[in-house]
Amino acid sequence: TETTTDAMRALLLEIAGYNTQVFEFIGGEHTAKNVMITATKMEAKLADDNERLIKKRKRLIELANFYGVKQQKLAMLMGENLGWDNSVKLGIVKSMPSL
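Cut-offs applied
- Residues numbered from 1 in each chain as written.
- Predicted model: local features only at pLDDT ≥ 70, side-chain atom pairs only at ≥ 80, totals over all residues.
- Heavy atoms only, no water.
- Helix = DSSP H or I, 4+ residues; strand = E, 2+ residues; numbered from the N terminus.
- Contact = heavy atoms within 4.5 Å.
- Core = buried A, V, L, I, M, F, W, Y, C linked by side-chain atoms within 4.5 Å.
- Buried < 20%, exposed > 50% of the residue type's maximum accessible area, 1.4 Å probe, protein only.
- Expected span 1.5 Å × (residues − 1).

Caption draft 1: Representation of the environment of L82 within the structure. Within the element layout of this structure, L82 appears in the segment after helix 4 (73–78). For L82, the residues in contact, after removing those within four places along its chain, are M8, L60, I61, A64, N65, V69, K70, Q71, Q72 and A75.

Written out as C-alpha cells, the structure is:
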C-alpha cells in the first residue's frame with residue numbers, strides 16, 4: 001500500500017509537469033518509510049504535451065482502480081479524478097497496470 005501511494009504521488013507529480021524518480025534512500029532494516037521521491041520541472045512544451053498527460057492520467061486511473069483507491073489527498077488537491085466514474089469511458093479494464 002505504501003508502494004502504491006508512492007507510485008500515485010510520482011504519477012501526480014508527472015501530471016503536474018515534473019520528471020520523477022522514486023528510490024530507497026535508507027535500508028529497509030532501519031525504517032519502513034525509506035522511499036524518496038525526487039522531482040525536477042520539465043520544459044513547458046514537454047509538460048503541456050496532451051498525449052503525455054492522457055497516458056499519465058490513464059496509468060493513474062488504472063493503478064487506483066486495480067488497488068481500489070477511491071480517494072487520494074494529492075489527487076483531490078490537484079483536481080485529478082481517480083476514474084471511478086470515467087474508467088468505462090476510457091476503456092480501462094481492471095488489470096495490473098504497467099509501471
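Caption draft 2: Focus on the nonpolar core. M8, L11, L12, I15, L53, L60, L63, A64, V69, A75 and L82 form the largest nonpolar core, which has 11 residues in total. For this core, the elements supplying multiple residues, two or more each, are helix 1 (2–15) and helix 3 (50–67). Among all residues touching M8, those that are not within four sequence positions of it are L60, L63, A64, V69, Q72 and L82.

Caption draft 3: A look at helix 3. Across its 18 residues, helix 3 extends 26 Å between first and last C-alpha, which sits within 8% of the 26 Å expected from 1.5 Å per residue. Taken as a whole, helix 3 has its buried residues at R52, L53, K56, L60, I61, E62, L63, A64 and N65. Residues of helix 3 that are buried sit in contact with helix 1 and helix 2 (44–47). Immediately beyond the C-terminal end of helix 3, within one or two residues, lies G68, with a positive phi of roughly 75°.

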